[in-house]
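Structural features, examined
Each chain, written out:
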Amino acid sequence: MTTSLELMERTHTCGELRGTDEGKTVLLKGWVDSWRDHGGCLFIDLRDRYGLTQAIFNYAELGQTLDAASSLRNEFVLAVEGKVVSRGENINKNIPTGEIEISVSRFEVLSPCKVLPFEVDDDTNAHEELRLKHRYLDLRRPVVQKNLILRHRLMQLARNYLSEHDFMEIETPMLTKSTPEGARDYLVPSRVHGGSFYALPQSPQLFKQLLMVSGYDRYFQIARCFRDEDLRYDRQPEFTQIDLEMSFPTEETIYGLMEGMMVLLWKELLGIELQTPFPRMTYAEALDKYGRDAPDTRFEMFLTDLTDLLKDGCGFGVFDGAIEGGGLVKAINVKGKAKEYSRKMIDQLTDYVKTFGAKGMAFAKVKDDGTWQAGFAKFLSEDLMKALSERLGAEADDLLLFGADPKASIVNESLGRLRIRVAEEIGLIQPKQYSFTWVTHFPMFEYDEEEERYVALHHPFTMPRPEELHKFEDGGDLSDMLANAYDLVLNGQEVGGGSLRIHREEIQKKVFHALKIGEDEARAKFGFLLDALGYGAPPHGGLAFGLDRLTMILAGTSSIRDVIAFPKTTRASCLMSEAPSEVDDKQLQELSIALRKET
C-alpha cells in the first residue's frame, strides 16, 4: 500500500532546490501560486514562505490522475513528489529555483481552496479593509511575508547585540497598576478583587527602574505595550518596544551603544554602512529650524524666524496680530519653484496647514527684480522687504511661504509639516536615504491649559539636568526647566526615546509636587517606587525603540499595519476576529461589572 503524501515529511522547501539537485526524487508541499495548462501538460508554481518552485504534470504519465490535476486552482494546498530535472534553455532568472523544475510522478491535494475574496499576490488592488478582514490570506502575499521576515531578523539582531553587551532579557508584568500620567490605560477587571482593575502596561518603565534598584545593571525586553489613544498610520493600541535600561550610564554611554545597534541593523538588513556618531541637536534648535521636535534632516529648506524684523509692525494684520499676541512669524523659502506652483497648488498647501491649527498661509513669489508678488506686499516698506529678503536668502523665482499665529506651537507645527510636504512634492527627499539625529535638552514640563497645571513632557520619572535642579528651591518658573531626556529621530520620525531617571527620593517628590501630585496621591500611585528609591537606587537611564516603526522604515512602507501580523484599524478594531466584542451577562457578573446604557 502506498503511503499518503500527507503523512510523509517534505524533503525540501519551495525555495531550496538548485541545479546541483538535478536527478533527486523530492517531496514538496505548499500552495498553488499559479497554474498554466498547455494541453499535454500542466505547469504549477508551488509556493511557501521560502520561495517558489515550478512543477510539471505530464498528462500521459499521470494517467487516471489527469482529472484531479486539471482541477487544481490557486491557493490549493498541494503535495508533489517527483524528480528534479533541468529546465534547459528555459531558465527563469527571476527566481533562485529557476534552473530546475519537478517532473511530478505523484501528488495529493491536502486542502482545497474556496473562491478567493481577492487575489493573493503583491499586485492585488483589494481595499485594505477587505485584506484585514481576511488577514490570514493577506499574510500569504510575498511582500507581507518579506516584511515579517525582516521584523523577525531585526528582533534577533537586537537581542544578540544587547546580549553581547551584557544586557539581560527579563520579562515584566502584563497585569499591573494603573498610573494615569500620560495616555489612557487599557483596564482589566479583576474577578478575585471585585471592583478593582489591573492596567495593561503603557511601557515597562517603573519595573525596569526597579530592576536597576535590584542590581540587574543592564536589562532589555522585547516588550508588548498598550495605550488607549487616538490612532494614525504609525500608531496601534498594542505595539512592541525594544526596551532597555542600564545603571551608572552617561548620556554618551547610551548614545554610543544605541548607535552601534543601529549600525548593525542597517548593515545586516539593508547592506548600508551608517556613519557615527550621529548628529546632535537641542530641542530648541529643532523647533527653530525644523518646526518639530522630530526633525527631518534629509534636506535643508529651514524655517526662518522673521518676528524680530516685524516686531515694530508692518500694517499687515496677520503678522502684526501674531506678534502682538506673543506669537511668531516664520517662513520657508522654496528655492526656484515660484513658477511651478499655481494658485490652485498654493491653495491646496493652505488647506493642508489648516489641518494643523493654522488659520491660513501667506505667500510671495520673488520677481526678477527682487520685489515680491504678494497680496500683502503693499504693506511692506522697501527697506523692510529688503531686510526680509536678505534674512530668507530670497532670489528671483523663489516661493516664500509664511506662517503667523499668536501660538508659536501652531506656527512651528504647521510650517514644519508643510516643509516636509513641499520637499516631497519637489523631489528633495531621495529613496533609501536615512538621516539619524539625536534630539536633546527637552523641556522637563509643559503647561496643560485644560488641567491648569504642568505635566511631564516625557514622563514624571525623568531626571532634570543637574544645572536645573536649583529651580525647585528658587520657586521660579518651571516652564524653561530642561530634562536629561533624548530622542533618536530618523527621517523626521521618532524611533526611540529615553532619559536619565530620577534615582533619589527627594527629587522624585519635588517633581510630583511640581506636577501637583499631592503626597497622598503620590503614595497611592507610586508608593512602591518611592520606597525603592530610598533603598540605595543607582543612577540609571535607558531608552525604548518602537519596533513597529523601525521595521516600517526599514521595509520602506508607509504604514505600520504592513509590518504587524494582525494589526488593528484606526478605530482600534480587528476586522478579522471582530474584536472588541460584547460579552455575556454571566461574565460581567463574575467580574462585578454592570454596564451603563448610553443615552
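Just above, that's the structure.
Attention in this report is confined to the structure presented alongside it. (Residues numbered from 1 in each chain as written. Predicted model: local features only at pLDDT ≥ 70, side-chain atom pairs only at ≥ 80, totals over all residues. Heavy atoms only, no water.)

**Looking at unusual backbone geometry**
Pro-277 follows Thr-276 through a cis peptide bond whose omega is 0 degrees. Of the consecutive residues Ala-579 and Pro-580, the connecting peptide bond is found in the cis state with omega at 0 degrees. The residue Pro-580 is located in the loop between helix 17 (547–555) and helix 18 (585–590) in this model. Despite not being glycine, Met-301 has its phi angle at roughly 50 degrees, a positive value. Mapped onto the elements of the fold, Met-301 is located in the loop between helix 8 (283–290) and strand 12 (304–305). (Helix = DSSP H or I, 4+ residues; strand = E, 2+ residues; numbered from the N terminus.)

**Some points on the sheet that holds strand 3 (residues 51–58)**
Paired through their backbone hydrogen bonds, the strands of a sheet run either parallel or antiparallel. Strand order around the closed barrel formed by five strands is 1-2-3-5-4, with mixed pairing between neighbours. Strand-to-strand twist across the sheet, computed as the mean angle between neighbouring axes with direction ignored, equals 55 degrees. (Pairing = 2+ DSSP bridges. Axes fitted to C-alpha atoms, helices over the stretch in contact; angles between N-to-C directions.)

**Observations concerning a nonpolar patch on the surface**
A cluster of nonpolar side chains, Met-174, Leu-175 and Tyr-198, forms an exposed patch at the surface whose accessible area comes to about 260 Å². Using a relative accessible area of 38% as the deciding quantity, one classes Met-174 as partly exposed. (Patch = residues over 30% accessible without salt bridge, like charges linked within 9 Å, V, L, I, M, F, W, Y side chains within 5 Å. Areas by Shrake-Rupley, 256 points an atom, 1.4 Å probe, with all protein chains shown as cover. Salt bridge = Lys/Arg side-chain N within 4 Å of Asp/Glu carboxyl O. Buried < 20%, exposed > 50% of the residue type's maximum accessible area, 1.4 Å probe, protein only.)

**Looking at the nonpolar core**
Judged by nonpolar contacts, the single largest core of 41 residues is most densely connected at Leu-162, Ile-242, Met-258, Met-261, Met-262, Trp-266 and Phe-545. Looking at this core, the element that brings in the most residues is helix 7 (residues 251–270), giving nine residues. Setting aside residues no more than four positions away along its own chain, Ile-242 makes contact with Leu-154, Ala-158, Leu-162, Gln-221, Ile-222, Met-261, Leu-543, Ala-544, Phe-545 and Leu-547. Leu-210, Met-481, Ile-507 and Ile-517 belong to the second largest nonpolar core, which has 32 residues in total. (Core = buried A, V, L, I, M, F, W, Y, C linked by side-chain atoms within 4.5 Å. Contact = heavy atoms within 4.5 Å.)

**Digging into the sheet that holds strand 15 (residues 372–373)**
Read across the sheet, five strands follow the order 12-13-16-14-15 without closing on themselves; strand pairing throughout is antiparallel. If you trace the sheet from one side to the other, it starts and ends with strand 12 and strand 15, each paired once. Pairing geometry for strand 12 and strand 13 (residues 328–334), over two bridges, is antiparallel. Residue pairing in the sheet places Asp-305 in a bridge with Lys-330 of strand 13. Strands strand 13, strand 14 (362–366) and strand 16 (399–405) of the sheet are contacted by helix 10 (residues 317–324), whose axis makes an angle of about 45 degrees with strand 16.

**Comments concerning the packing of helix 5 (residues 142–164) against helix 17**
Helix packing for two helices is described by the angle between their axes and how far apart those axes are. Contact geometry for helix 5 and helix 17: axes closest at 10 Å, N-to-C directions at 120 degrees. Of the possible angle classes, the one that applies to helix 5 and helix 17 is oblique. Between helix 5 and helix 17 lies a crossing of right-handed hand. Residues Asn-147, Leu-150, Arg-151, Leu-154 and Met-155 of helix 5 lie in contact with helix 17, whose contacting residues are Leu-547, Asp-548, Leu-550, Thr-551, Leu-554 and Ala-555. Residues of the contact of helix 5 with helix 17, tallied by class, amount to seven nonpolar, two polar and two charged. (Parallel < 35°, antiparallel > 145°, perpendicular 65-115°, else oblique. Left-handed = near helix turned anticlockwise from the far one by under 90°. Nonpolar A, V, L, I, M, F, W, Y, C, P; charged D, E, K, R; others polar.)

**Quick notes on helix 15 (residues 505–514)**
Considered for burial, the residues of helix 15 that qualify are Ile-507, Gln-508, Val-511, Phe-512 and Ala-514. Buried residues along helix 15 cover an arc of 160 degrees about the axis, so they all sit on one side. (Arc of directions from axis to C-beta.)

**Notes on the environment of Pro-567**
Along the polypeptide, Pro-567 turns up in the loop between helix 17 and helix 18. Sequence spacing of Pro-567 and Gly-357 is 210 residues, and the spatial spacing of their C-alpha atoms is 30 Å. Each residue touching Pro-567, except ones within four places of it in the same chain, is listed here: Leu-132, Arg-135, Gln-236 and Arg-561.

**A short note on the pattern of salt bridges**
Under the definition given, this model contains 44 salt bridges. For Lys-335, the salt bridge identified is with Asp-398, shortest N-O distance 2.8 Å. Placement of the pair is Lys-335 in the loop between strand 13 and helix 11 (343–354) and Asp-398 in the loop between helix 12 (382–392) and strand 16, with a sequence separation of 63 residues. By relative accessible area, Asp-398 is classed as buried at 2%. Of the charged contacts, one joins Glu-521 and Lys-525 as a salt bridge, the two residues approaching to 2.6 Å between their closest N and O atoms. Within this pair, Glu-521 and its partner Lys-525 are both found in helix 16 (residues 519–533), separated by four residues, close to a single helical turn. Take Glu-521: its relative accessible area is 31%, and that puts it in the partly exposed class. Of the residues examined, Lys-525 reaches a relative accessible area of 16% and is grouped as buried. A single network of salt bridges, built from pairs that share partners, joins Asp-33, Arg-47, Glu-75 and Arg-140.

**Some points on the pairing of strand 4 (residues 77–86)**
Bridge count between strand 1 (residues 25–37) and strand 4: seven bridges; the pairing is antiparallel. The residue bridging Leu-28 from the neighbouring strand is Val-80, located in strand 4. Pairing geometry for strand 4 and strand 5 (residues 100–111), over 10 bridges, is antiparallel. By the bridge assignment for strand 5, Val-77 is matched with Ser-111.

**Remarks on the packing of aromatic side chains**
The relation between two aromatic rings is expressed through the spacing of the ring centres and the mutual angle of the planes. Applying the stated criterion across every chain yields a total of 22 aromatic pairs. When the ring of Phe-278 is compared with that of Phe-436, the centres are 4.6 Å apart and the planes differ by 10 degrees; the resulting orientation is stacked. Placement of Phe-278 in the loop between helix 7 and strand 11 (280–282) and of Phe-436 in strand 17 (residues 436–440) is noted, with a sequence separation of 158 residues between them. Measuring from ring centre to ring centre gives 4.8 Å for Phe-316 and Phe-319, while their planes differ by 80 degrees; the resulting arrangement is edge-to-face. Exposure remark for Phe-316: the relative accessible area of 15% places this residue in the buried category. For Phe-319, a relative accessible area of 2% gives the class buried. Through pairs of rings, three or more aromatic residues link up here, namely Phe-316, Phe-319, Trp-372, Phe-376, Phe-379 and Phe-402. Positioned above the aromatic ring of Phe-302, the side-chain terminus of Lys-289 is 4.4 Å from the ring centre. The positively charged end of Arg-421 is found above the aromatic ring belonging to Tyr-352, 4.8 Å away from the centroid. (Phe/Tyr/Trp six-rings, centres within 6.5 Å; stacked < 30°, edge-to-face > 60°. Lys NZ or Arg CZ within 6 Å of the ring centre and 35° of its normal.)

Function cannot be inferred from these measures alone, as they are strictly geometric.
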